[in-house]
Amino acid sequence: MSQPRHPALSAADPELAALVGAEERLQADTLRLIPSENYVSAAVLEAGGTVLQNKYSEGYAGRRYYEGQQVIDQVERLAVGRAKAVFGAEHANVQPYSGSPANLAVYLAFAEPGDTVMGMALPMGGHLTHGWGVSATGKWFRGVQYGVRADTGVTDLDEVRDLARRERPKVIFCGGTAVPRVIDFPAFAEIAREVGAVLVADIAHIAGLVAGGAHPSPVGHADVVSTTTHKTLRGPRGAILMAREEHAKAVDKAVFPGLQGGPHNQTTAAIAVALHEAAQPSFREYAHGVVANARALAEALLARGFDLVSGGTDNHLILMDLTGKDVPGKVAAKALDRAGIVVNYNTVPFDPRKPFDPSGLRIGTPSLTSRGLGTAHMPVVAEWIDRGVTAARAGDEETLAKIRAEVADLMAAHPAPGLPMA
Ligand code: DSN
């Protein structure tokens, strides 16, 4: 009998081991199009499962509140040094537990409760933590929100400037979770400078593209750069805050002791590994491949009569408006899931439907590019989506099952990093 993939776990807790195995099979067999997800390498997985997790290390390298930091200090210094090198940043903090705490730390560093803050509205493609009402950031601060133009689907920088002049926010966020176009960091920086605001570039979605030179960098334009590490950057679930040197102390104090306790050292190690991978020439190819695939997929979808917000994409993400297809986003997303194609149902700008039952689908190419799929595969992916959406409208489960088998065949030919081979 062959050795189980997780022998200790299988022996100690077969129930949980079976669930991990089931998730591995699901990730191996399906076409994962959620733009904020990816496959990490086996090396990143290993680093994240090490005994580094046994160690407490509140504080920063050389200034800890716990002894026994001979190794952890080196791990954190390595991760910080690599973050600074990959992004060209003056300062980096690798301790935020994830994107939301990282952004909360930014508020703690640069604003007082009740201050005005500005960000892109969530239904327009922003993020909860950019001052949206249901988030602590919209409850504890006065969030004013910009959007996109109805005619172009692109961020309206005139609106941003007018709003900033009128509202005088302390902090301006740019970036988001459903932004298919290049973010104009120099333009945002000019607006922030004019009104005396701190500019925060949230590059969680595009960090890997920035690292690989496939999207312009905010470094040198934004005062603070916030990113998660597990999306296009292909690292573990975590986050990094980067800043100009003048803001280094404020950012560090806000993360610890302002917001968090001990850093998750096993995650710091895995971030260091991911950054090492991101510094390799092959990662540049990966980042450009993600964008090339997204463009090819957008073109193939447009050719099939799909309506895409902003008319296409410049990055890893495509926002599909299904209004003209006469099928709600959620119905389509659930049908595609049954067909082995994993997507988000998502609001589109000015969506007449509710967020939990919106008009759109959000898809992206980071994961499929990690599996080695290229532009030649994108017409096939578009065809599956088209057939899946049509089947969703018709309630045609037979077609969904056929697509699922076709997807599984292609996935078997393109094993995912970090997962067992079939
Ligand atoms: N949940 C992330 C996403 O899917 O875009 C944002 O936090």
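Each remark here, short or long, concerns the structure printed above.
Residues numbered from 1 in each chain as written. Predicted model: local features only at pLDDT ≥ 70, side-chain atom pairs only at ≥ 80, totals over all residues. Heavy atoms only, no water.

1. Comments concerning the overall build of the chain
Stated precisely, the cut-off is as follows: Starting at the N terminus, helices and strands are each numbered in turn, a helix being any DSSP run of H or I of at least four residues and a strand any DSSP run of E of at least two. What the globule rule says is 2.2 Å times the number of residues to the power 0.38, and the radius of gyration is computed from C-alpha atoms. Summary of the burial criterion: residues with accessible area below 20% of their type's maximum are buried, those above 50% are exposed, and those between are partly exposed, where the area comes from a 1.4 Å probe applied to protein chains only. Residue contacts follow a heavy-atom distance rule, with two residues in contact if any of their heavy atoms lie within 4.5 Å. All accessible-area figures derive from a Shrake-Rupley calculation using a 1.4 Å probe, and residue coverage is judged against the displayed protein chains alone. Two residue types count as positive, namely Lys and Arg, and two as negative, namely Asp and Glu; His and chain ends fall outside the count. Think of each charge as sitting on NZ of Lys, CZ of Arg, CG of Asp or CD of Glu.
What the chain contains, in helices and strands, is 16 helices and 15 strands. Compactness check: the chain gives a C-alpha radius of gyration of 22 Å against a globular reference of 22 Å for 422 residues, within 12% of the reference. Counting only C-alpha atoms and orienting by the principal axes, one finds that the chain spans roughly 60 × 60 × 35 Å. Put simply, the chain has 422 residues, and 57% of those count as buried. Taking all contacts inside the chain whose residues are at least 6 apart in sequence as the whole, residues at least 24 apart take part in 71%. Surface summary for the chain: the accessible area is close to 17,800 Å², and the carbon and sulfur share equals 54%. Side-chain charges in the chain split into 40 positive and 45 negative, and the spacing between the mean points of these groups amounts to 2 Å.

2. Here we look at the site of the ligand
Spelled out, the test is: Whether a residue is near a molecule or strand depends on its heavy atoms: if one lies within 4 Å, it is near. For the purposes of these results, a polar contact is taken to be a pair of N or O atoms within 3.5 Å, where, inside protein, one atom must be able to donate a hydrogen and its partner to accept one; residues adjacent in sequence count only when each atom of the pair is a side-chain atom. Throughout, the ten residues Ala, Val, Leu, Ile, Met, Phe, Trp, Tyr, Cys and Pro are labelled nonpolar, Asp, Glu, Lys and Arg are labelled charged, and all others, Gly among them, are labelled polar.
Every residue lining the ligand is accounted for by Ser36, His127, Thr177, His205, Lys231 and Arg362. Separating an oxygen atom of the ligand from a side-chain N or O atom of Ser36 is a distance of 2.7 Å. His127 places a polar side-chain atom, nitrogen or oxygen, 2.8 Å from an oxygen atom of the ligand. Split into classes, the residues belonging to the shell around the ligand amount to no nonpolar, four polar and two charged.

3. As for a nonpolar patch on the surface
Filter applied, for reference: Patches in this entry comprise residues that are over 30% relatively accessible and not in a salt bridge; like charges within 9 Å are linked, as are nonpolar side chains (Val, Leu, Ile, Met, Phe, Trp, Tyr) within 5 Å. Salt bridges are identified by distance alone: a Lys or Arg side-chain nitrogen within 4 Å of an Asp or Glu carboxyl oxygen.
Nonpolar side chains collect at one region of the surface, where Tyr56, Tyr65 and Tyr66 lie side by side and expose about 370 Å² of accessible area between them. With respect to the helices and strands, Tyr56 occurs in the loop between helix H3 (42–48) and strand S2 (59–60). Residue Tyr56 is classed as partly exposed on the basis of its relative accessible area of 47%.

4. Notes on the environment of Val117
Structurally, Val117 can be placed in strand S5 (residues 116–120). Here Val117 falls in the buried class, since its relative accessible area comes to 1%. Residues Val117 and Val51, spaced 66 residues apart in sequence, show a C-alpha to C-alpha distance of 40 Å. Excluding residues within four positions of it along the chain, Val117 makes contact with Tyr107, Gly131, Thr137, Phe141, Arg142, Gly143, Val144, Pro169 and Val171.

5. Observations regarding the packing of helix H5 (residues 99–110) against helix H10 (residues 248–259)
Cut-off, in case you're wondering: All axes are obtained by fitting lines to C-alpha atoms, using only the stretch in contact for helices, and the reported angles, taken between N-to-C directions, cover 0 to 180 degrees. For this classification, under 35 degrees means roughly parallel, over 145 means roughly antiparallel, 65 to 115 means roughly perpendicular, and everything else is oblique. Working rule for handedness: look at the near helix, and if it is turned counterclockwise from the far one by less than a right angle, call the crossing left-handed; if clockwise, right-handed.
Where H5 contacts H10, the two axes come as close as 8 Å, and the packing angle between them is 110°. If you check the angle between H5 and H10, you find them roughly perpendicular. Regarding H5 and H10, the two cross each other, and that crossing is right-handed. Here Pro101, Leu104, Ala105, Leu108, Ala109 and Phe110 of H5 lie close against H10, whose contacting residues are Ala250, Val251, Ala254, Val255, Gly258 and Leu259.

6. Here's the deal with the packing of aromatic side chains
The criterion, for reference: Between rings of Phe, Tyr and Trp, where Trp is taken as its six-membered ring, a pair exists when centres lie within 6.5 Å; planes separated by under 30 degrees are stacked, by over 60 edge-to-face, and by other angles tilted. Criterion for a charge above a ring: Lys NZ or Arg CZ within 6 Å of the ring centre, and within 35 degrees of the ring normal.
Under the criterion given, the structure shown has seven aromatic pairs. With 5.4 Å between their ring centres and 50° between their planes, Phe283 and Tyr286 make a pair best called tilted. With Phe283 and Tyr286 both in helix H12 (residues 281–303) and three residues apart, the pair spans about one turn of that helix. For Phe283, a relative accessible area of 2% puts it in the buried group. The structure contains a cluster of three or more aromatic residues connected by ring pairs, namely Tyr107, Phe141 and Phe173. One residue, Arg234, lies across the ring of Tyr286, its end atom 4.0 Å from the ring centre.

7. Points about the packing of helix H15 (residues 378–394) against helix H16 (residues 397–413)
For any two helices packed against each other, the geometry comes down to the angle between their axes and how far apart the axes lie. The contact between H15 and H16 brings their axes to 9 Å, and the two run at 160°. As far as their axial angle goes, H16 and H15 are roughly antiparallel. Where H15 crosses over H16, the two elements pack in a sense that is left-handed. Between H15, through Trp384, Arg387, Gly388 and Ala391, and H16, the contact on the second element is made entirely by Thr399, Leu400, Lys402, Ile403, Glu406, Val407 and Leu410. Partitioning the contact of H15 with H16 into residue classes produces six nonpolar, two polar and three charged.

8. A word on H15
Here is the rule we go by: Helix span, as expected, comes to 1.5 Å for every residue beyond the first.
Here H15 is 17 residues long and its end C-alpha atoms lie 24 Å apart, about the 24 Å a rise of 1.5 Å per residue gives. Residues of H15 that are buried: Met378, Val381, Ala382, Trp384, Ile385, Asp386, Gly388, Val389, Ala391 and Ala392. One or two positions beyond H15, positive phi appears at Gly395, with a value near 65°.

9. Some details on the nonpolar core
How we decide: We call a set of buried residues a nonpolar core when its members are Ala, Val, Leu, Ile, Met, Phe, Trp, Tyr or Cys and they connect through side-chain atoms within 4.5 Å of each other.
The biggest cluster of nonpolar side chains holds 52 residues, and the ones touching the most others in it are Phe87, Ile172 and Ile203. Examining the composition of this core, we find that six residues originate from one element, helix H8 (residues 185–195), more than from any other. Ignoring anything within four residues of it in the chain, the contact list for Ile203 reads Phe87, Phe185, Val210, Pro218, Val225, Ser226 and Thr227. Among the nonpolar cores identified, the runner-up in size contains 37 residues, and Ala300, Ala332, Ala333 and Val407 belong to it.

10. Focus: the sheet that holds strand S7 (residues 171–174)
So the rule is basically this: Paired strands, in this sense, are two strands between which DSSP finds at least two bridges.
Across the sheet, seven strands lie side by side as S4-S10-S9-S8-S7-S5-S6; this open sheet has mixed pairing. At either end of the open sheet lies a strand with only one pairing partner, and these are strand S4 (91–93) and strand S6 (142–146). Averaged over all neighbouring strand pairs, the angle between strand axes comes to 20°, with direction disregarded. With two bridges joining them, S5 and S7 adopt parallel strand pairing. Along S7, the bridge assignment pairs Val117 with Val171. The strands that helix H4 (residues 72–87) touches are S4 and strand S10 (239–243); relative to S4, the one it contacts most, it runs at about 130°. Contacts between H10 and the sheet are confined to S4 and S10, with S4 contributing the most and set at about 0° to the helix.

11. Section: the side chain of Asp314
Locating Asp314 in the fold gives a position in the loop between strand S11 (307–308) and strand S12 (317–321). At 2.8 Å, the side chain of Asp314 forms a polar contact with the side chain of Arg181. For Asp314, the side chain forms a polar contact with the main-chain nitrogen of Val182, separated by 3.0 Å.

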